[in-house]
Amino acid sequence: MNMRNLTAAAFLAGTTMLAATAASANGCPANQMGQNALSNAPTKPVGVTDTVLESIDLAQQMVKLDDHKLRIRRLEIQPGGIVPLHDHADRPALIYIVSGEITEFASDCKTGIVHKAGDSSRDADLKHWWKNMSKKPVALISADILHDAMDMNM
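Bear in mind the structure is a predicted one, so any value in this text is a computation, not a measurement.

Trainee: How would you explain the nonpolar core if you had to name every residue and give the values?
Mentor: Core analysis: the largest hydrophobic core is formed by 11 residues, namely Val48, Leu75, Ile77, Val83, Ala93, Ile95, Ile97, Ile102, Trp130, Val138 and Leu140. The set of elements that each furnish at least two residues to this core consists of strand E4 (69-87), strand E5 (93-99) and strand E10 (138-146). The contacts of Ile77, once residues within four sequence positions are left out, are Gly47, Val48, Ile82, Val83, Ile102, Asn132, Lys136, Pro137, Val138 and Leu140. The next biggest cluster of nonpolar side chains, apart from the first, holds 5 residues, and it includes Leu38, Ala41, Ile82 and Trp129.

Trainee: Please provide a residue-by-residue account of the environment of Thr51, values included.
Mentor: Assignment of secondary structure puts Thr51 in strand E3 (residues 46-57). Residues Thr51 and Ile72, spaced 21 residues apart in sequence, show a C-alpha to C-alpha distance of 8.7 Å. When neighbours within four sequence positions are excluded, Thr51 is seen to be in contact with Ile72, Arg73 and Arg74.

Trainee: I'd like to hear about the state of the cysteines, residue by residue, with values.
Mentor: Scanning the entire structure with this criterion turns up 1 disulfide. Disulfide partner of Cys28: Cys109, at an S-S distance of 2.1 Å. Across the S-S bond of Cys28 and Cys109 the torsion is about 85 degrees, and the bridge reads as right-handed. In this pair, Cys28 sits in strand E2 (residues 28-29) while Cys109 sits in the loop between strand E6 (101-106) and strand E7 (113-116), placing the two residues 81 residues apart along the sequence. The same class applies to Cys28 and to Cys109, which are both buried.

Trainee: Please set out the packing of aromatic side chains residue by residue, giving values where relevant.
Mentor: Summed over all chains, the structure comprises 1 aromatic pair. Aromatic pair Phe105 and Trp129: ring centres 4.5 Å apart, planes at 20 degrees, arrangement stacked. Placement of the pair is Phe105 in strand E6 and Trp129 in strand E9 (residues 127-131), with a sequence separation of 24 residues.

Trainee: Would you mind going over the pattern of salt bridges in detail, with residue names and values included?
Mentor: Inspection of every chain in the model, using the stated rule, returns 5 salt bridges. Two residues, Glu76 and Arg74, come together in a salt bridge whose shortest N-O distance is 2.9 Å. A relative accessible area of 32% means that Glu76 is categorised as partly exposed. Given a relative accessible area of 28%, Arg74 falls into the partly exposed group. For Asp144, the salt bridge goes to Arg91, with nearest N and O atoms at 3.0 Å. Of the two residues, Asp144 sits in strand E10 while Arg91 sits in the loop between E4 and E5, which places them 53 residues apart along the sequence.

Rules of the game
- Residues numbered from 1 in each chain as written.
- Predicted model: local features only at pLDDT ≥ 70, side-chain atom pairs only at ≥ 80, totals over all residues.
- Heavy atoms only, no water.
- Core = buried A, V, L, I, M, F, W, Y, C linked by side-chain atoms within 4.5 Å.
- Buried < 20%, exposed > 50% of the residue type's maximum accessible area, 1.4 Å probe, protein only.
- Helix = DSSP H or I, 4+ residues; strand = E, 2+ residues; numbered from the N terminus.
- Contact = heavy atoms within 4.5 Å.
- Disulfide = S-S within 2.5 Å.
- Phe/Tyr/Trp six-rings, centres within 6.5 Å; stacked < 30°, edge-to-face > 60°.
- Salt bridge = Lys/Arg side-chain N within 4 Å of Asp/Glu carboxyl O.

Okay, here's the thing in structure tokens:
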């Protein structure tokens, strides 16, 4: 493939990805995007194991972010389990669904968003909660930047 064709292919791939992102935000169908007050959202975890696998004190790194840690965690959510309502205004995260299927209820989507194994979720500047509505356990990997050491939210 010559350079012109490679550039055109890259442009087409980028445009397709941008169009897909515009059609939905983080998996929310375009026609369901909007404010969700999350009234009656659960505030306590149910059937969740949250294990910190590793963390880095970012104050000691080149970025010099005092009171911030980069951490990676594994969450296992049992059938019927709940990751309770929490906020990502000060704790951006990337979530990867390792196995199973889980439903997210987010402040920017009027309906539940189903995430399946192999999916990822970009969680920043939103509130949300998750529920395992399946009959099998779900495993997630979460990488986030933690600012408040007392933040016990999942």
